[in-house]
Amino acid sequence: MSECIFCRIAAGRAAARIVLEDEAAVVFHDLHPQAPVHLLVIPRRHVVSVAEGTTEDRELFGHLLLLAARAARLTGVADSGFRIVTNCGANAGQSVFHLHLHVLGGRAMRWPPG
Ligand code: AMP
């Protein structure tokens, strides 16, 4: 089976427009942006989704949220507001099965989401 695309990005084996990274996570621009700013925050470690998280992932999951907020500040959407979304499973429309937080900003968002 071919390696997960987000594992490849995290390992530097696939191209991505990286915004920031550290030992545990990488933030990069989504290939098909749905807002003026659309970032993805991923753990370097392969986790399928938050649904698979355990108490051992508590620190990592908190870290991803803090990185999302930091990336929103870095890309200039923090003051106007932004949305963090993570899709889990089929009904939510998850298409890449490596945990990622979408960070969307730069335009007004509607609620409820479609
Ligand atoms: P989801 O549908 O929640 O699983 O989101 C997956 C997201 O990954 C989509 O918004 C895709 O546009 C994005 N995506 C897929 N492959 C890449 C890639 N190689 N680089 C950047 N974004 C990607």
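Surrounding the ligand, one finds 16 residues, the nearest of these being D30, N87, S95, V96 and H102. D30 has a polar side-chain atom sitting 2.5 Å from an oxygen atom of the ligand. The contact in question runs from an oxygen atom of the ligand to an N or O atom on the side chain of H102, over 2.8 Å. At the level of elements, α1 (5–10) and β2 (25–29) are the ones that each hand at least two residues to the shell around the ligand. Class assignment for the residues of the shell around the ligand results in seven nonpolar, eight polar and one charged.

Counting 17 residues, the largest nonpolar core has V27, L39, V41, L64, L67 and V103 as its most contacted members. For this core, the secondary structure elements donating two or more residues are β2, β3 (37–43), α2 (58–74) and β5 (101–105). Considering every element that reaches this core, the biggest residue donor is α2, with six residues. Those residues within four positions of L39 in sequence are excluded, and the remaining contacts are V19, V27, F28, H29, D30, A71, T75, L101, H102 and V103. The next biggest cluster of nonpolar side chains, apart from the first, holds nine residues, and it includes F6, L40, I42 and V96.

Analysis parameters
Residues numbered from 1 in each chain as written. Predicted model: local features only at pLDDT ≥ 70, side-chain atom pairs only at ≥ 80, totals over all residues. Heavy atoms only, no water. Near = heavy atom within 4 Å. Polar contact = N/O pair within 3.5 Å; in protein donor to acceptor, adjacent residues only side chain to side chain. Helix = DSSP H or I, 4+ residues; strand = E, 2+ residues; numbered from the N terminus. Nonpolar A, V, L, I, M, F, W, Y, C, P; charged D, E, K, R; others polar. Core = buried A, V, L, I, M, F, W, Y, C linked by side-chain atoms within 4.5 Å. Buried < 20%, exposed > 50% of the residue type's maximum accessible area, 1.4 Å probe, protein only. Contact = heavy atoms within 4.5 Å.

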